[in-house]
Each structure stands twice: as structure tokens, then as C-alpha cells.
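Next come the chains, spelled out residue by residue.
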Amino acid sequence: KNEVEQSPQNLTAQEGEFITINCSYSVGISALHWLQQHPGGGIVSLFMLSSGKKKHGRLIATINIQEKHSSLHITASHPRDSAVYICAVRFAQKLVFGQGTRLTINP
Amino acid sequence: KAGVTQTPRYLIKTRGQQVTLSCSPISGHRSVSWYQQTPGQGLQFLFEYFSETQRNKGNFPGRFSGRQFSNSRSEMNVSTLELGDSALYLCASSLRTDYNEQFFGPGTRLTVL
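Please read all numbers here as calculations on a predicted model, not as lab measurements.

What counts as what
Residues numbered from 1 in each chain as written. Chains lettered and ligands numbered in written order. Predicted model: local features only at pLDDT ≥ 70, side-chain atom pairs only at ≥ 80, totals over all residues. Heavy atoms only, no water. Helix = DSSP H or I, 4+ residues; strand = E, 2+ residues; numbered from the N terminus. Rg over C-alpha atoms; globule rule 2.2 N^0.38 Å. Contact = heavy atoms within 4.5 Å. Areas by Shrake-Rupley, 256 points an atom, 1.4 Å probe, with all protein chains shown as cover. Lys, Arg positive; Asp, Glu negative; His and termini not counted. Charge placed at Lys NZ, Arg CZ, Asp CG, Glu CD. Disulfide = S-S within 2.5 Å. Buried < 20%, exposed > 50% of the residue type's maximum accessible area, 1.4 Å probe, protein only.

So, the overall build of chain A
Piece 1. Per the secondary structure count, chain A includes zero helices and eleven strands.
Piece 2. From first element to last, N terminus to C terminus, chain A shows the α and β order β-β-β-β-β-β-β-β-β-β-β.
Piece 3. Whereas a compact globule of 107 residues would reach a radius of gyration of roughly 13 Å, chain A reaches 13 Å, a difference of no more than 12%.
Piece 4. Counting only C-alpha atoms and orienting by the principal axes, one finds that chain A spans roughly 40 × 25 × 20 Å.
Piece 5. The contacts in chain A between residues at least 6 apart in sequence include a share of 54% that link residues at least 24 apart.
Piece 6. About 5000 Å² of surface is accessible on chain A, with carbon and sulfur atoms providing 50% of the total.
Piece 7. Looking at charge distribution, chain A has the averaged site of its 10 positive side-chain charges lying 8 Å from that of its 6 negative ones.

Here you go:
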């Protein structure tokens, strides 16, 4: 069993839809990261969370430490949001990654 | 402020050779981490350096090694290359270990023939 599970693995939506990507983990963590990877490989760090909720533009990330669960929300989705979104947890002084969620937003 | 840079961006090697990849962190960042990304295994942690010391190592064979210099630049080396070492190798820098946001470089795509 993977220590970090993401769902869904693939998600296709229409422009403007509200998007939710989920991440569950099975270990005690010190922080959780949401990352975005575009075709070509570059990775951008979107959020780092250890509790509560963070918002940046149309992106919102929440974490529930007791339930070992985090969500990434995208409001008013746009085709440029199409990318792979990766959840990673800081565990035993290293990052452990989920398998990623491939998001495609159609115009 | 310049971002994390990695050289080379692309590399083709043959089995049995060795390779050295370089990573220059953001100015002022003292922690550098290395990751391997493959289609089958996804992203996996290789090692982390802070102030020239290896703080952590992932579950990779001893053929994978690294080091960090006094200016925080880091190199990783893979000896006796195998076909399965073909991957995107990413480095990331942060101000310090733990709790800090990581800034990723563009990666080095290694192909082993």
C-alpha cells in the first residue's frame, strides 16, 4: 500500500468547472505539499501545509491532520490549469509522493 | 532572483558508463534535494544535503551518490549505469530542511541506451 494515495488519477472537465483533487496519507507527517507539473517536466510548488487552509488566486488547499487527508480545489478552471498535480508528504525527513492526478480542462 | 538551475538538461549515456549531474540552488538556499521521476515509479526521493552534509538518503543502491559544496551547489553521480536509470532527475532547493517550500529545477533527462 502506498503511503500517499491520490484520487482521481485522471480528471477531465470543462472550462469554468470547480475541481477537487484528493490526497490521503497513512503516516504521521510534518508537512504536506501540493505540486504542479506541466508537460516538459517542470515542477512548481503550489502550497505547503501543516494545518488548516491556504488560498492563492483560484487555488485552495485544505488539510485535516486527524483524518490524514488533504484536498486541492481549483475554482473557475481554465485550460491553462491542465497539468499533473502531485501531493507529497514530509515523512521521516524526506518527501514521499503520490502518483499524481492528470487534469485536463477543455475549452 | 535566479531560480534553480540544472545542467545538463539532456544526456544520453550507454550502459556501464557513469554520469554526473549538477544543481545550483537559489541564492541563499542551503538545502538541496534530489529526486528521480520515472513513468513506472513516479517521483522518488534520492537524497538531501544541507551545509555540505547528507541529511537523508532514499532507497536507492550505492551506485547513486551525491555531494554538496560550500557554495551549496550540489552534484549527483550515478555509476555503472543501467537501462532502468533512464529518468528525469530533479533537484529542489529550500532555505533549510523541514517545513520549507521547495523550489524545483527544470530537471535533467537521462537516457541510458
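Here's the deal with the state of the cysteines
Residue and element names in this part refer to chain A.
Piece 1. Inspection of every chain in the model, using the stated rule, returns two disulfides over all chains.
Piece 2. The disulfide that involves Cys23 links it to Cys87, with 2.0 Å between the sulfurs. On the sign convention where negative is left-handed, the bridge of Cys23 and Cys87, at about -55 degrees about the S-S bond, is left-handed. Taken together, the positions of Cys23 in strand β3 (residues 19–25) and Cys87 in strand β9 (residues 83–91) put the pair 64 residues apart, joining distant regions of the chain.
Piece 3. What makes Cys87 buried here is its relative accessible area of 0%.

Taken by themselves, the reported measurements are silent on function.
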